Amino acid sequence: MKIAVFAGDGIGPEVTAEAVRVLKALGLPGLELIEGDVGGAAWRKRGHPLPPATLEIAHAADAILFGAVGDFECDNLERALRPEQAILGLRKELGLFANLRPATLFKGLEDLSSLRPEIAAQIDLLIIRELNGDVYFGDKGTKVLPDGRRQGWDMMSYAEDEVRRIAHVGFKAAQGRRGKLCSVDKANVLETSQLWRDVVIEVSAEYPDVELSHMYVDNAAMQLVKNPGQFDVIVTGNLFGDILSDQASMCVGSIGLLASAALAEGTKGLYEPIHGSAPDIAGQDKANPMATILSAAMLLRHSFGMEAPAQRIEAAVAKALADGIRGGDLGGTDGTRAIGDAVLARL
Ligand code: IPM
Ligand code: MG
């Protein structure tokens, strides 16, 4: 089990360290952890957010545990050298096209949701976000128009095969859950979205057991806070998925609890908390490592087919929360290390 550990910036190293302790505690046979530099940390050390040595480790590994990237001291660097390019580069370079972002309300956290408790209690959804295309990777630039005004552009596009493969991931995920798939787009305005919708409908013929619906992204944002219980699996493009998954995290109480998987064809995957590097609390033992610990559970499940230890980790986190363990993000005072200890004790 070759696992690359890319801790990155800000709180990344702290939260990743706790997830690594949990992985080691499981006594998995053949576990090998290989560290690599990413983000602003890598730029400082090696002059690039995703140096060749890191890419090499990533290619050789079976799975990657990723912390966070982002460093405001790097915000004025040219785009290619900014920390975010580490995660975008890994997604593209490794063909990690399918992003799974589950959002489920843990028992006892109903009052921490931004929604009314009885509405929050119903949340049990999975956002599947396409990660290799869309406006993220299209032609982009800035120029000065003939009349002297500055203009920026980013081209949005999806080819049908890109939509088809993520649609299959969505339908299969729905088959393994409550059988409902909602495809989110903006087909009333965007050509890219119209093609997206047409292709999803074509693919749906292969999944007669899945109930398919379509929703415009603005309405989806509204429904997510109005009646989130209606959603089972949501499949959507890169940009819409980025936005809706942050929104979903607040509906379940904290972004400090949401894990994610970015999967390629096959079993290779990158696993990361959906939160960022939170430089304001970095190095202070204040970050909640639960999202990263839960990402390690997803890693065992999706890259190694190890369902039992994955569930053990998830149960330990749920138990810690049920016992009242609370990071600052949940209104509590438990520190990063203490939360790691609490999860380990319950493992
Ligand atoms: C995420 C993040 C990234 C994204 C950033 C860090 C590039 O917001 O994983 O959701 O936009 O995909
Ligand atoms: Mg995001």
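Residues numbered from 1 in each chain as written. Chains lettered and ligands numbered in written order. Predicted model: local features only at pLDDT ≥ 70, side-chain atom pairs only at ≥ 80, totals over all residues. Heavy atoms only, no water.

**Q** Account for the domain arrangement of the protein, naming residues and giving values.
**A** According to the domain assignment, the protein contains domain 1 (1-97 + 264-347) and domain 2 (103-257). With centres defined by C-alpha atoms, the gap from domain 1 to domain 2 works out at 23 Å. Between domain 1 and domain 2, the residue contacts involve 19 residues of the former and 21 residues of the latter. Contact between domain 1 and domain 2 buries roughly 1800 Å² in total, counting both sides, with carbon and sulfur atoms accounting for 66%. Area buried by domain 1 at its contact with domain 2 is led by Phe 97, Ile 274 and Leu 330, which between them contribute 35% of it. Remark: the boundary between domain 1 and domain 2 carries one salt bridge. (Domains from an automatic or database assignment. Contact = heavy atoms within 4.5 Å. Buried area = accessible area lost by both parts, 1.4 Å probe. Salt bridge = Lys/Arg side-chain N within 4 Å of Asp/Glu carboxyl O.)

**Q** Talk me through the pairing of strand β10 (residues 233-236); I want residue IDs and the actual numbers.
**A** Side chains of β10 alternate between two faces, with Val 233 and Val 235 and Ile 234 and Thr 236 buried alike. Looking at chain direction, strand β5 (residues 124-130) and β10 are connected through four bridges and run parallel. Bridging from a neighbouring strand, Ile 127 pairs with Ile 234 of β10. Pairing analysis gives four bridges linking strand β8 (residues 180-185) to β10, with the strands arranged parallel. When the sheet's bridge partners are listed, Leu 181 is paired in β10 with Val 233. (Buried < 20%, exposed > 50% of the residue type's maximum accessible area, 1.4 Å probe, protein only. Helix = DSSP H or I, 4+ residues; strand = E, 2+ residues; numbered from the N terminus. Pairing = 2+ DSSP bridges.)

**Q** Describe in detail the packing of helix α1 (residues 12-25) against helix α10 (residues 290-304), supporting the description with residues and values.
**A** Running from amino to carboxyl end, α1 crosses α10 at an angle of 45 degrees, the nearest separation of the two axes being 8 Å. The angle between α1 and α10 falls in the class oblique. The way α1 lies across α10 gives a crossing that is right-handed. Taking contact as the criterion, the partners of Val 15, Thr 16, Glu 18, Ala 19, Val 22 and Leu 23 in α1 are, on α10, Thr 292, Ile 293, Ala 296 and Leu 300. Across the contact of α1 with α10, the residue classes tally to seven nonpolar, two polar and one charged. (Axes fitted to C-alpha atoms, helices over the stretch in contact; angles between N-to-C directions. Parallel < 35°, antiparallel > 145°, perpendicular 65-115°, else oblique. Left-handed = near helix turned anticlockwise from the far one by under 90°. Nonpolar A, V, L, I, M, F, W, Y, C, P; charged D, E, K, R; others polar.)

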